[in-house]
Amino acid sequence: MWSVVSASELPAGERFDWFSDTLSREVVPTALSTERPAEFQAEAAVLELGELRLARLEFSPLGSRRTPALIRRGDPGQYQLGLMRGGRACLAQQRSECSVGAGDILLWDTSRTSDVQTAADDGLVRLAMLQLPQDALPLNVDRLGRLLARRIPGDQGVAAVLTAFVDALEGHGGQCAPAELHRLGTVAVDLVAACLAQHLDAEAELPPEVRTQALLQRVHAFIDHNLADPALTPSAIAARHHISVRTLHQLFRRQDGTEPETVRARIRRRRLERCRGDLVRPELEGHPVHAIAARWGFSGPAVFSRSFREQYGLTPTEFRALTVDGDRVEPCRK
């Protein structure tokens, strides 16, 4: 469950000091500055993922500095990886400096001095931040130092998979049980390691299990991106990722004792979830059920109706009829 705090609950004159104190106490001691303290706004939400933590931050433009004195005062020994959602930031650390905007990723080290300046056109900077222990990443510390204060495009390679994974965590992580969140945290660490290793050209240094997890997440992202293609099959997925179909099926075998989900089962489930979402969209009310099914790659209305009923316990038409004035009654999942 997300833990949320907001400056809106305080008088305007106290908000900046509150945010500064909260950040220094809960994240890392830092010296903040802002040009308009009386107009400052901020909200923070935190999701615990085992040894990893995901923070969702929105705040008015400010400056942030980590000095040697502040590092001595408190250092959690973390790498912090930021995914910019809105606004701009300029980070200086380890004799490097970069400017990033929405969609970019940047990495910094809490054990080193840093200087950050942020700006926003619409008044708020939006950032998702992963906080992970320095020893959680199976990469050489000196080599990782080359990525500090360096812009990483969030729409390319493993970075795009990591971005999509964090998007999903932000959207649905609050509904997960603690044990599930712990497993998701492990996946997130592996994806961060794979993303950074790709930019260091050091993928061969990653443990086999990390490379396997990163490949699995790349396959998941590929499936989600190509659900509308009726030709999306295990053979096509394997060919796209330069592996055999046998290796692909082995990749989907879970190691936690649960019943594995096959490649075809995942394709079917994700297509059904997309169709279910479209069936309750007011702007698609006039679209026939068979058109929605075809939009997401189903071969025909009969196959779609049967699959939907098996998954949710009622037909697509019956489910759509439950939507009244925008209020949706969720069908039971099988």
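Data block above holds the structure.
Overview of the structure.

## Focus: the overall build of the protein chain
A count of helical and extended segments in the protein chain gives twelve helices and twelve strands. Along the longest, intermediate and shortest principal axes, the C-alpha atoms of the protein chain span 65 × 50 × 35 Å. Every one of the 334 residues in the protein chain was classed for burial, and the buried ones make up 47%. Of all intrachain contacts in the protein chain linking residues separated by at least 6 positions in sequence, the fraction that spans at least 24 positions is 68%.

## A short note on the pairing of strand S8 (residues 96–100)
By the bridge criterion, five bridges tie strand S7 (residues 88–93) to S8 in an arrangement that is antiparallel. Across the sheet, residue cysteine 90 finds its bridge partner in S8, namely serine 99.

## Brief notes about unusual backbone geometry
Unusually for a residue other than glycine, alanine 149 sits at a positive phi of about 55°. Secondary-structure assignment places alanine 149 in the loop between helix H3 (141–144) and strand S12 (152–153). Judged by its relative accessible area of 3%, alanine 149 is buried. Even without a glycine there, the phi angle at histidine 242 is positive, about 60°. The class of histidine 242 is exposed, set by a relative accessible area of 73%.

## Side note on the pairing of strand S3 (residues 42–49)
Sheet topology note: the strand S1 (residues 3–6)/S3 ladder contains four bridges and is antiparallel. Note on S3: the bridge partner recorded for serine 3 is valine 46. What sits between S3 and strand S4 (residues 52–59) in their antiparallel hairpin is a turn of two residues, with glycine 50 showing a positive phi close to 70°.

## A few points about empty space enclosed by the protein
Summed over all chains, the structure comprises one cavity of 30 Å³ or more. Looking at the largest cavity, its volume works out to about 400 Å³. Forming the walls of the largest cavity are 25 residues, and the residues nearest its centre are Ser64, Trp108, Val116, Leu127 and Met129. Breaking the lining of the largest cavity down by element, the ones donating at least two residues are helix H1 (15–26), S4, strand S5 (63–66), strand S6 (78–86), S7, strand S9 (104–109), strand S10 (114–119) and strand S11 (125–133). Considering only residue class, the lining of the largest cavity consists of 17 nonpolar, six polar and two charged.

## Section: the environment of phenylalanine 19
Note that phenylalanine 19 resides in helix H1. Of the residues examined, phenylalanine 19 reaches a relative accessible area of 4% and is grouped as buried. Residues phenylalanine 19 and phenylalanine 40, 21 residues apart in the sequence, show an inter-C-alpha distance of 9.3 Å. Setting aside residues up to four positions removed in sequence, phenylalanine 19 forms contacts with Leu32, Phe40, Ala42, Phe59 and Leu62.

The rules behind each value
Residues numbered from 1 in each chain as written. Predicted model: local features only at pLDDT ≥ 70, side-chain atom pairs only at ≥ 80, totals over all residues. Heavy atoms only, no water. Helix = DSSP H or I, 4+ residues; strand = E, 2+ residues; numbered from the N terminus. Buried < 20%, exposed > 50% of the residue type's maximum accessible area, 1.4 Å probe, protein only. Contact = heavy atoms within 4.5 Å. Pairing = 2+ DSSP bridges. 1 Å grid on protein atoms, 1.4 Å probe; cavity = no way out; pocket = protein on both sides within 12 Å on 5 of 7 lines; lining within 4 Å. Points joined across faces, edges and corners; volume = space filled by probe spheres on them. Nonpolar A, V, L, I, M, F, W, Y, C, P; charged D, E, K, R; others polar.

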